[in-house]
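# Coordinates in review
Chain by chain, the residues run as shown.
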Amino acid sequence: GQSLEQPSEVTAVEGAIVQINCTYQTSGFYGLSWYQQHDGGAPTFLSYNGLDGLEETGRFSSFLSRSDSYGYLLLQELQMKDSASYFCAVDTGRRALTFGSGTRLQVQP
Amino acid sequence: NAGVTQTPKFRVLKTGQSMTLLCAQDMNHEYMYWYRQDPGMGLRLIHYSVGEGTTAKGEVPDGYNVSRLKKQNFLLGLESAAPSQTSVYFCASRIAGKNEQFFGPGTRLTVL
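A quick note: this is a predicted structure, and the numbers were derived from the prediction, not measured.

## A look at the sheet that holds strand S1 (residues 4-7) of chain B
All names here are of chain B. Read from one edge to the other, the open sheet built from four strands follows the order S1-S3-S8-S7, with strand pairing classed as antiparallel. In this open sheet, the two edge strands, each paired with only one partner strand, are S1 and strand S7 (64-67). For this sheet, the mean inter-axis angle between neighbouring strands, taken without regard to orientation, is 20°. In this sheet, strand S3 (residues 19-25) lies alongside S1 in antiparallel orientation, the contact comprising four bridges. Across the sheet, the residue bridging to Val4 is Gln25, located in S3.

Dropping the structure here:
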């Protein structure tokens, strides 16, 4: 079966840095994606890692270690608008994604 | 471009009723997906399609059927709704060779 583990909640203050971890056990692995979802909204794509290493997109970075079945999303210079749920998702090669249960990030002033 | 649109936005059904959810995309994407999201949980894949006229089962296909008669449309049907199908349903699409999935705004379905 497939399983993805990520913390259920994280709290941080404005301007800080926060890291959201994701570990996975899947039959087949092609890459790890991250999505952001605000309350009542639709998920939006943040990043994709197909190879080991760090991918940077503005204030957001994502890391993957295939040998450790582990990845993380790093959010820098936190802003209030970053309060949302963040989902890691694994591409198992079936052309579809398997999502984790999500991490709810609360940014405090 | 409207992106991915879903119809309806909200619906209340009685147990045993049937309905069809419509997803439309104007980006000429090959792949389309139907997910459900229950409170405090991630998205679970119901069915997906890799092209016009083709569909495949996802993680939780029981109780649902789909059709992709046109490339731009992906329909999700509930033949006999059950309270366990109360959820928010998201449609998504992506272009072949790219990883980003584009999501519609969701349909909030309640089955009484």
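Past the structure itself, the notes keep going.
## Regarding the pattern of salt bridges
Counted by the stated rule, this structure contains four salt bridges over all chains. Note that Arg104(A) and Asp39(A) form a salt bridge whose closest N and O atoms lie 2.7 Å from each other. Pair noted here: Arg104(A) is in strand S11 (residues 103-108) and Asp39(A) is in the loop between strand S4 (31-37) and strand S5 (44-49), with a separation of 65 residues, a long-range link. Assessed through its relative accessible area of 58%, Asp39(A) is described here as exposed. A single network of salt bridges, built from pairs that share partners, joins Arg36(B), Asp38(B) and Arg44(B).

## Considerations on the state of the cysteines
For the structure shown, the criterion picks out two disulfides over all chains. A disulfide bridge connects Cys22(A) with Cys88(A), and the sulfur atoms are separated by 2.2 Å. Between Cys22(A) and Cys88(A), the S-S dihedral sits near 75°, and the bridge is therefore right-handed. Of this pair, Cys22(A) sits in strand S3 (residues 18-25) while Cys88(A) sits in strand S9 (residues 84-91), and the two are 66 residues apart along the sequence. Of the two residues, Cys22(A) and Cys88(A), both sit in the buried class. Two residues, Cys23(B) and Cys91(B), share a disulfide whose sulfurs are 1.8 Å apart.

## Topic: the packing of aromatic side chains
This model, assessed by the stated rule, comprises 14 aromatic pairs over all chains. With a centroid separation of 5.6 Å and 55° between ring planes, the pair formed by Tyr35(A) and Phe99(A) is classed as tilted. Taken together, the residues span a long stretch of sequence, with Tyr35(A) in strand S4 and Phe99(A) in strand S10 (residues 97-99) at a distance of 64 residues. For the pair Tyr35(A) and Phe99(A), one class covers both residues: buried. Ring plane angle 75° and centroid distance 6.4 Å describe the contact between Phe99(A) and Phe103(B), whose orientation is recorded as edge-to-face. Highlighted residues: Phe99(A) in strand S10 and Phe103(B) in strand S10 (residues 102-103), drawn from two different chains. Residues Phe99(A) and Phe103(B) agree in their burial class; the two are buried. Each member of the aromatic cluster is reached from another via a ring pair, and the members are Tyr35(A), Phe45(A), Phe99(A), Tyr33(B), Tyr35(B), Tyr48(B), Phe90(B) and Phe103(B).

Cut-off values and rules
- Per-chain numbering applies: the sequence of each chain, read as written, is numbered from 1 onward.
- Here the convention is simple: chains get letters from A, ligands get numbers from 1, in the order in which they are written.
- Given that this is a predicted model, residues contribute local features only at a pLDDT of at least 70 and side-chain atom pairs are listed and counted only at 80 or more, while totals for whole chains, interfaces and linings are drawn from all residues.
- The basis for every side-chain value is the complete set of non-hydrogen atoms in the structure, without hydrogens or water.
- Following DSSP output, two strands are said to pair if at least two bridges run between them.
- Only runs of H or I of at least four residues qualify as helices and only runs of E of at least two qualify as strands under DSSP, and these elements are numbered from the N terminus.
- The axes are straight lines fitted to the C-alpha atoms, using for helices just the contacting stretch, and the angles between their N-to-C directions are given from 0 to 180°.
- For this analysis, a salt bridge means a side-chain nitrogen from Lys or Arg found within 4 Å of a carboxyl oxygen belonging to Asp or Glu.
- Only protein chains enter the accessibility calculation, which uses a 1.4 Å probe; a residue whose area is less than 20% of its type maximum is buried, one above 50% is exposed, and one in between is partly exposed.
- By disulfide we mean two sulfur atoms from cysteines, separated by a distance within 2.5 Å.
- In summary, the pairing rule links any two rings of Phe, Tyr or Trp, Trp by its six-membered ring, whose centres are within 6.5 Å, and it sorts them by plane angle into stacked for under 30 degrees, edge-to-face for over 60 and tilted for everything else.

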